[in-house]
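The residues making up each chain are set out below.
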Amino acid sequence: MQEENLNKLRQKVQTLALRHQKKDDYTGWFDVIYSDAVGNSEQVPWAKMQPHPCLENWLETVDITNKTALVIGCGLGDDSEILAEKGAKVTAFDIAPSSIEWCQKRFKNSSVNYLVADLLNLDSSWKNSFDLIFESRTIQALPLKIRKEVITAIATLLKPGGTLLIVTRLRETEDDPDGPPWAVSEGELSQLCNYGYQEIARTPYIDANNPSIQQALIEYQRTSLTRG
Ligand SMILES: C[S@@+](CC[C@H](N)C(=O)[O-])C[C@H]1O[C@@H](n2cnc3c(N)ncnc32)[C@H](O)[C@@H]1O
């Protein structure tokens, strides 16, 4: 994507997100981005049209055949598709109806169950029920005002013994960051301990377009339902 286009899109994201936020609407702007793009992924600033490289590398090290996997805020579906190719039974959801429609058009013969759903209002039958959860850049896309709620919602979906993978920007202090995206802090991630999570590994990620930004794939295991 050309730098000029990317800067325009970043500006659009800032303006839209802040306009919606003023009305206490933290998610309504995502669908605007997908629907305005009318099928042109270059108009979706986060769309890479390929699985995240950290997920690809992680998948080289594990066997996920027949595991139940959930992809949160699945965007245009590349991460969901690679999980399905590796043998997982994948459910993928996004709050933006236009992104789910786009996934369904793009991957017509997919085994992935693509759904429109809100992380903050999921069916209670999903609680503690997945073997693997993948979330890439959704926590950071939602403001600090609802971060506790967002992390709690993610934490309660995994089975004990299951694996949670988070791809995110990280910040070094607990101070409020500029955004969107709003990088995630260690204090925010530490909430996961309350739900029985232990960090297993952290792989730093450098995006060639944004080399100065601290990002990582963090792998957690849920050892119990509550703090051990
Ligand atoms: C920055 S994009 C990342 C998309 C994709 N995960 C990726 O890494 O390419 C954040 C995604 O989260 C979705 N999202 C935001 N809030 C959500 C919510 N409450 N429930 C479900 N999806 C949400 C957005 O629609 C958007 O597709």
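Residues numbered from 1 in each chain as written. Predicted model: local features only at pLDDT ≥ 70, side-chain atom pairs only at ≥ 80, totals over all residues. Heavy atoms only, no water.

A. Just the nonpolar core, in detail. With 43 residues, the main nonpolar core has L70, I72, L119, I133, L164, L192 and Y220 as its most contacted residues. Going through the elements one at a time, α1 (3-21), α2 (28-37), β1 (68-72), β4 (130-136), α6 (147-155), β5 (158-169) and β7 (215-222) are the ones with two or more residues in this core. Contacts of I72, omitting those with residues within four sequence positions, involve F93, L119, I133, F134, E135, T138, I154 and L157. Core analysis: the second largest hydrophobic core is formed by 25 residues, W58, I100, Y114 and V167 among them. (Core = buried A, V, L, I, M, F, W, Y, C linked by side-chain atoms within 4.5 Å. Buried < 20%, exposed > 50% of the residue type's maximum accessible area, 1.4 Å probe, protein only. Helix = DSSP H or I, 4+ residues; strand = E, 2+ residues; numbered from the N terminus. Contact = heavy atoms within 4.5 Å.)

B. Spotlight on the packing of aromatic side chains. Tallied over the entire structure, the rule returns eight aromatic pairs. Note on Y34 and W102: the rings are 6.4 Å apart at their centroids and 80 degrees apart in plane angle, and the pair reads as edge-to-face. Here Y34 is found in helix α2, whereas its partner W102 is found in helix α5 (residues 97-106), with 68 residues between them in sequence. In this structure, Y34 and W102 share a single accessibility class: buried. One aromatic cluster is present, built from ring pairs that chain together W29, F30, Y34, W46 and W102. (Phe/Tyr/Trp six-rings, centres within 6.5 Å; stacked < 30°, edge-to-face > 60°.)

C. Region of interest: the packing of α2 against α5. Contact geometry for α2 and α5: axes closest at 7 Å, N-to-C directions at 45 degrees. One way to sum up the angle between α2 and α5 is to call them oblique. Contacts between α2 and α5 pair D31, Y34, S35 and A37 from the former with P97, S98, S99 and W102 from the latter. Classifying every residue of the contact of α2 with α5 by side-chain character gives four nonpolar, three polar and one charged. (Axes fitted to C-alpha atoms, helices over the stretch in contact; angles between N-to-C directions. Parallel < 35°, antiparallel > 145°, perpendicular 65-115°, else oblique. Nonpolar A, V, L, I, M, F, W, Y, C, P; charged D, E, K, R; others polar.)

D. The arrangement of the sheet that holds β1 in detail. What the seven strands build is an open sheet, ordered β3-β2-β1-β4-β5-β7-β6; its pairing is mixed. At either end of the open sheet lies a strand with only one pairing partner, and these are β3 (113-116) and β6 (197-205). On average, adjacent strands in this sheet sit at an angle of 15 degrees to one another, irrespective of strand direction. Where β5 meets β7, seven bridges bridge the pair, whose relative direction is antiparallel. Pairing of R169 across the sheet is with Q215, part of β7. (Pairing = 2+ DSSP bridges.)

E. Just the site of the ligand, in detail. By nearness alone, 17 residues border the ligand, and Y34, G73, D94, S136 and R137 come closest of all. I95 places a main-chain nitrogen or oxygen 3.1 Å from a nitrogen atom of the ligand. When the ligand sits alone it has 590 Å² of accessible area, and the protein chains cover 95% of it. The set of elements that each furnish at least two residues to the shell around the ligand consists of α2 and β2 (89-94). (Near = heavy atom within 4 Å. Polar contact = N/O pair within 3.5 Å; in protein donor to acceptor, adjacent residues only side chain to side chain. Areas by Shrake-Rupley, 256 points an atom, 1.4 Å probe, with all protein chains shown as cover.)

F. Here's a closer look at helix α4 (residues 78-85). The buried fraction of α4 amounts to seven of the eight residues, a majority that puts the element mostly inside the structure. The complete set of buried residues in α4 reads D78, D79, S80, E81, I82, L83 and A84. Those residues of α4 hidden inside the fold are in contact with α3 (53-59), β1, β2, α5, β3 and β4. Looking one or two residues past α4, G87 carries a phi angle of roughly 105 degrees, positive in sign.

G. How the structure looks around the side chain of D131. Looking at the secondary structure, you find D131 in strand β4. Among the polar contacts listed, one links the side chain of D131 to the backbone nitrogen of T68, at a separation of 2.8 Å. Not counting residues up to four positions away in its chain, the partners in contact with D131 are N66, K67, T68, L158, K159, G162 and T163.

H. Spotlight on the pattern of salt bridges. All told, the structure shown has nine salt bridges when counted by the stated rule. A salt bridge links D36 to K12; its shortest N-O distance comes to 2.9 Å. Linking D36 in helix α2 with K12 in helix α1, this pair joins segments that are 24 residues apart in sequence. Assessed through its relative accessible area of 44%, D36 is described here as partly exposed. Here R202 and E186 are joined by a salt bridge, their closest N and O atoms 2.8 Å apart. Of this pair, R202 sits in strand β6 while E186 sits in helix α7 (residues 186-189), and the two are 16 residues apart along the sequence. Looking at E186, the relative accessible area reads 40%, which means it is partly exposed. (Salt bridge = Lys/Arg side-chain N within 4 Å of Asp/Glu carboxyl O.)

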